[in-house]
Amino acid sequence: MKASGDGILDRSVFYFHTASGFAQELLFYLDSVGHFFCDARYCVRRASHESFLLLYVHTGKCAAQYEGRSYTMQPGEALFIDCHRPHEYRAVELSEIYWVHFNGNVSRGLFEEIYSRYGAVVSPRNTGLFLSRILPILSGFQNRIPVAEPNVSCRIHCLLADLLTASFEGANGAGRTPVQTAMEYIEENFKEDLALEKIAALVSLSPYHFSRMFKQETGFSPHEYVLTVRIDAAKTLLKTTGLSIKEITYAAGFHSEAHFVSTFKKRTRLTPTAFRNTAF
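First, a word on what this report is: a plain description of the structure on this page. (Residues numbered from 1 in each chain as written. Predicted model: local features only at pLDDT ≥ 70, side-chain atom pairs only at ≥ 80, totals over all residues. Heavy atoms only, no water.)

**Examining the overall build of the chain**
Quick note on the threshold: For the purposes of this entry, the term helix denotes a DSSP run of H or I that reaches at least four residues, the term strand denotes a run of E that reaches at least two, and both are numbered from the N terminus. A 1.4 Å probe rolled over the protein chains alone gives each residue an accessible area, and that area as a share of the maximum for its type sets the label: buried under 20%, exposed over 50%, partly exposed in between. Only heavy atoms enter the contact rule, under which two residues are in contact if any of them lie within 4.5 Å. Residue exposure ignores everything except the shown protein chains as possible cover, and the areas themselves are Shrake-Rupley values with a 1.4 Å probe.
Across its full length, the chain holds 11 helices and 10 strands. Based on the C-alpha atoms only, the size of the chain along its principal axes is roughly 70 × 45 × 30 Å. Per-residue burial for the chain yields a buried fraction of 48% across its 280 residues. The contacts in the chain between residues at least 6 apart in sequence include a share of 71% that link residues at least 24 apart. Summed over its atoms, the accessible surface of the chain is roughly 14300 Å², and 53% of this surface lies on carbon and sulfur atoms.

If you want it as structure tokens, here you go:
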């Protein structure tokens, strides 16, 4: 439907959707979606709203206030906020924005994870791909096609995955980040002593700065990632060789069989022997 209001310009549209009980119980589900052309008069200020909001700035410049912080969004950046909390967002200049209000599934958990990594403004790696997740939802309403809730849920999930995998590569996505360099080094040298200080020095960062960056970009601490790579190596050895558990312990980079077994069981819920005997 055509949108109107202070600062909302011609060609702006938005649509509402009331989700089925099935969608509300099992899926990410849509509350509303819109495509606005707006000027500096456009401003939304709420104490709360029963949804999470993804707002993508296609052109122009927007600003937001959330959790006591001020944000500015440039083209190619997305605002992601929990609207159950007080919030404000507005156009700073003539802007084109796309937005999606949604709920359901693990929306809160994913929001909290993304917000802890990046704050309320995130730069998707591939802006064209990100926008392509939203456009079919809009076009479905515009063409009066019944909402296929599982498909919409998939698109919302992909939008959140795009934000989870956002990195600090820069606007052009060029070059390798220190975290990518460190991950490659860990994967190639997992048998060695991989102290935090050693890996941080490799990418010319302080241990504190490196740990923070690594967690933000991957969701793992450096130590957790080292253990993950070693466990994956152990799984391969368990299924493809006749090496003993003790031999696999050292081949996978662990220094103690007891530590290997306890770590493996904690992460897989199986002992190494039970994993070896499980058919795949």
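**Some details on unusual backbone geometry**
Phi at Glu67 is positive, roughly 55°, even though this residue is not glycine. Looking at the secondary structure, you find Glu67 in the loop between β5 (62–66) and β6 (69–73). For Glu67, a relative accessible area of 43% gives the class partly exposed.

**So, the sheet that holds strand β2 (residues 28–38)**
To be explicit about the condition: In short, DSSP must find at least two bridges between two strands for them to pair. For every element, the axis is a line fit to its C-alpha atoms; helices are fit only across the contacting stretch, and the angle between N-to-C directions ranges from 0 to 180 degrees.
Taken in spatial order, the six strands of this open sheet run β1-β2-β9-β4-β7-β10, and their pairing is antiparallel. Every other strand in the sheet has two partners, leaving β1 (13–16) and β10 (121–122) as the edge strands with one partner each. Sheet contacts for helix α3 (residues 127–142): β1, β2, β4 (52–59), β7 (78–82) and β9 (95–104); angle to β2, the most-contacted strand, approximately 100°. Lying over the sheet, helix α4 (residues 149–164) contacts β2, β4, β7, β9 and β10, oriented at roughly 70° with respect to β2.

**Digging into the environment of Tyr71**
Structurally, Tyr71 is set in strand β6. Separated by 18 residues in the primary sequence, Tyr71 and Tyr89 place their C-alpha atoms 9.0 Å from one another.

**A few points about the packing of aromatic side chains**
Using the following cut-off: Whether two aromatic rings pair depends on their centres lying within 6.5 Å, for rings of Phe, Tyr and Trp, where Trp uses its six-membered ring; planes under 30 degrees apart make the pair stacked, over 60 edge-to-face, and the rest tilted. For a lysine, the NZ atom is tested; for an arginine, the CZ atom; a charge sits over a ring if that atom is within 6 Å of the ring centre and within 35 degrees of the ring normal.
A full pass over the atoms with the stated rule returns 19 aromatic pairs. Summarising the aromatic geometry, the rings of Phe111 and Tyr115 are spaced 5.5 Å apart at their centres and angled 15° between planes, so their arrangement reads as stacked. Of the two residues, Phe111 and Tyr115 both sit in helix α2 (residues 107–118), four residues apart, roughly one turn of that helix. Assessed through its relative accessible area of 1%, Phe111 is described here as buried. A residue is classified by how much of its surface remains accessible, and Tyr115, at 22% relative accessible area, is partly exposed. One aromatic cluster is present, formed by Phe52, Tyr66, Phe80, Phe102, Phe111 and Tyr115 through successive ring pairs. Over the ring of Phe37 we find Arg11, and its NZ or CZ is 4.1 Å from the ring centre.

**Section: the pattern of salt bridges**
Spelled out, the test is: Salt bridges are defined by distance alone: a side-chain nitrogen of Lys or Arg within 4 Å of a carboxyl oxygen of Asp or Glu.
Going through the model one piece at a time under the given rule, you end up with eight salt bridges. Across the pair Arg133 and Asp162 runs a salt bridge whose closest N-O atoms are separated by 3.0 Å. With a gap of 29 residues between them, Arg133 in helix α3 and Asp162 in helix α4 connect regions that are remote in the sequence. Pair check on accessibility: Arg133 and Asp162 agree, each one buried. Here the salt bridges do not stand alone but share partners, grouping Glu67, Asp82, Arg85 and Arg108 into one network.

**Some thoughts on the packing of helix α8 (residues 222–240) against helix α10 (residues 257–268)**
To keep things clear, this is the line we draw: By the definition adopted for this analysis, an angle is roughly parallel if under 35 degrees, roughly antiparallel if over 145, roughly perpendicular if from 65 to 115, and oblique otherwise.
The geometry of α8 relative to α10 is characterised by a closest axis approach of 11 Å and an angle of 95° between their N-to-C directions. Overall, the two elements α8 and α10 adopt an arrangement that is roughly perpendicular. Of the residues in α10, those in contact with Glu224, Leu227, Thr228, Ile231, Ala234, Lys235 and Leu238 of α8 are Phe260, Thr263, Phe264, Arg267 and Thr268.

**A look at α10**
Residue pairs spaced three or four apart in an α-helix point in one direction, given the helix's 3.6 residues per turn. So the rule is basically this: One less than the number of residues in a helix, times 1.5 Å, gives the span that helix is expected to have. Within this analysis, the arc is defined by the directions that extend from the helix axis to the C-beta atoms. Under this definition, polar contacts are N or O atom pairs within 3.5 Å; protein pairs additionally need one hydrogen-donor-capable and one acceptor-capable atom, and for neighbouring residues in sequence, both atoms have to be side-chain atoms.
Spanning 12 residues, α10 covers 16 Å between terminal C-alpha atoms, matching the ideal 16 Å at 1.5 Å per step. Every buried residue belonging to α10 is among Phe260, Thr263, Phe264 and Thr268, and all of these are buried. With its buried residues spanning 105° around the axis, α10 presents them on a single face. Exposed side of α10, more than 90 degrees from the buried face: Ala258 and Lys266 are the residues found there. Here the buried face of α10 lies against α8, α9 (245–251) and α11 (272–276). N-capping of α10 is provided by Ser256, with a side-chain oxygen placed 3.3 Å from the backbone N of Ala258. Looking at the residues trailing α10, positive phi occurs at Arg269, about 70°.

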